[in-house]
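# Summary of structural features
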Amino acid sequence: MRRCVQLAKNGLGTSYPNPLVGSVIVHNNMIIGEGWHYKSGMAHAEVNAIKSVSNPELLKDSTIYVSLEPCSHFGKTPPCSDLIIATGIKKVVIGSMDPNPKVAGRGIKKLTEAGCDVQFGVLIEDSDQLNKRFFTYHKKKRPFIILKWAQTKDGFIAPASDLRSKKEPVWITNTIAIQLSHKLRAEEQAILVGTQTVIDDNPSLTTREWKGSNPLRVVIDRTLRIPEDAFVFSNDAATFVVTEKEMTNRENIIYETLNFSENIPQQLCKTLYNHNIQSIIIEGGATTLQSFIDTNLWDEALVFTGNSIFENGIKAPQLAVSASTETVVLDNYLHTFINQNS
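All values reported here derive from a predicted model rather than from experimental measurement.

Here we take up empty space enclosed by the protein. Applying the stated criterion across every chain, the model contains 1 cavity of 30 Å³ or more. Taken as a whole, the largest cavity encloses approximately 70 Å³ of empty space. If you trace the largest cavity, you find 13 residues lining it, with Tyr16, Asn18, Leu20, Asn131 and Arg133 closest to the centre. Taken together, the residues of the lining of the largest cavity break down into 6 nonpolar, 6 polar and 1 charged.

A few words on the sheet that holds strand S5 (residues 117-120). The strand order across the open sheet formed by 5 strands is S2-S1-S3-S4-S5, and the pairing between neighbours is mixed. Two strands lie at the open edges of the sheet, namely strand S2 (30-36) and S5, each paired on one side alone. Each neighbouring strand pair of the sheet contributes to a mean axis angle of 15 degrees, computed without reference to strand direction. Of the pairings in the sheet, the one linking strand S4 (residues 91-96) to S5 comprises 4 bridges and is parallel in character. Counted as the bridge partner of Val93 is Gln119 from S5. Across the face of the sheet, helix H4 (residues 106-113) comes into contact with S4 and S5 while running at roughly 150 degrees to S5.

Okay, the pairing of strand S8 (residues 190-194) next. Residues in a regular strand point their side chains to alternate faces of the sheet. The element S8 is extensively covered by neighbouring structure, given that 5 of its 5 residues are classed as buried. Side-chain alternation along S8 places Ala190, Leu192 and Gly194 on one buried face and Ile191 and Val193 on a second face that is also buried. In this sheet, strand S9 (residues 216-220) lies alongside S8 in parallel orientation, the contact comprising 5 bridges. Of the residues in S9, the one forming a bridge with Ala190 is Leu216. Each parallel crossover has a hand, and the one from S8 via helix H8 (residues 195-201) to S9 is right-handed. Note that S8 and strand S12 (residues 279-282) share 3 bridges and pair parallel. The residue of S12 that forms the bridge with Leu192 is Ile282.

Analysis parameters
- Residues numbered from 1 in each chain as written.
- Predicted model: local features only at pLDDT ≥ 70, side-chain atom pairs only at ≥ 80, totals over all residues.
- Heavy atoms only, no water.
- 1 Å grid on protein atoms, 1.4 Å probe; cavity = no way out; pocket = protein on both sides within 12 Å on 5 of 7 lines; lining within 4 Å.
- Points joined across faces, edges and corners; volume = space filled by probe spheres on them.
- Nonpolar A, V, L, I, M, F, W, Y, C, P; charged D, E, K, R; others polar.
- Pairing = 2+ DSSP bridges.
- Helix = DSSP H or I, 4+ residues; strand = E, 2+ residues; numbered from the N terminus.
- Axes fitted to C-alpha atoms, helices over the stretch in contact; angles between N-to-C directions.
- Contact = heavy atoms within 4.5 Å.
- Buried < 20%, exposed > 50% of the residue type's maximum accessible area, 1.4 Å probe, protein only.
- Right-handed = clockwise from strand over helix to strand, strands pointing away.

Shown next as structure tokens:
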């Protein structure tokens with residue numbers, strides 16, 4: 001099952017909206033096949049694992065391990081539970097149960113009724129963690145929310161406005177940390193910033209420093225103050241503009257109207273859920289970040305600390321939890337915070 005989880009991670013950033021799934025087939029204590037789910041619309045992990053077995057005659061005496069319950073319904077591909085039954089595999093070991101209402105135990109039931117010996121819950125914590133985005137989306141009806149910012153050694157995320165010489169990002173961390181940030185972008189479905197961040201920094205919000213898909217860009221712009229030539233409106237990725245004004249969608253730009261007198265983070269979560277967005281990085285300024293903290297709408301926080309000292313400027317947001325891990329990034333640090341009460 002550890003190998004299943006390892007294989008499944010190969011699909012991070014490409015399998016949306018489907019979950020991450022890995023599968024291994026064992027015969028006489030030897031792995032004879034393995035696979036993972038690459039991309040929505042393509043074969044599932046179990047299919048790839050079964051196809052990789054050079055001698056199909058061995059399947060009837062083999063055990064298939066899969067990190068997530070095999071599907072039991074027709075979507076873009078046929079049900080994996082049907083394929084497992086058809087190949088004659090009699091023992092199935094599963095990590096997590098699929099929270100998707102279209103599956104949710106039906107795959108296990110179908111396999112059991114067909115005479116398969118089904119074992120469920122093996123390394124369930126690892127399997128659940130693997131699909132934290134997928135599980136949050138289906139169970140909490142919102143995206144998995146990651147807060148991310150870089151701060152100086154003295155706790156500032158931006159210099160005072162009178163110290164800025166031009167409209168571009170002020171880099172706090174080293175180049176490796178920046179590259180790691182772009183890797184994180186490639187792993188998530190969407191990234192969000194506020195109006196002032198776009199006006200001050202003119203970010204692209206793309207994965208320029210890492211190979212991978214650009215996330216959907218989500219920009220909060222209540223009164224549409226952002227210039228039309230801003231980089232967030234480039235054709236590199238689609239952009240959601242969250243505003244109070246009624247606007248007609250344009251090529252690559254989707255307008256979403258919210259009530260700015262009510263809870264913005266909650267409304268955003270509902271809107272993104274309706275657009276099938278399973279994960280989002282909140283990479284905005286202090287005000288935007290703090291609004292998600294104050295409403296307790298966050299699951300993880302990734303805080304980079306560089307060597308810079310600003311002495312004054314915009315203070316970093318405050319979290320009421322301790323970091324769970326610390327990662328050294330050359331002369332910088334990455335602290336990961338987990339919200340256990342989200």
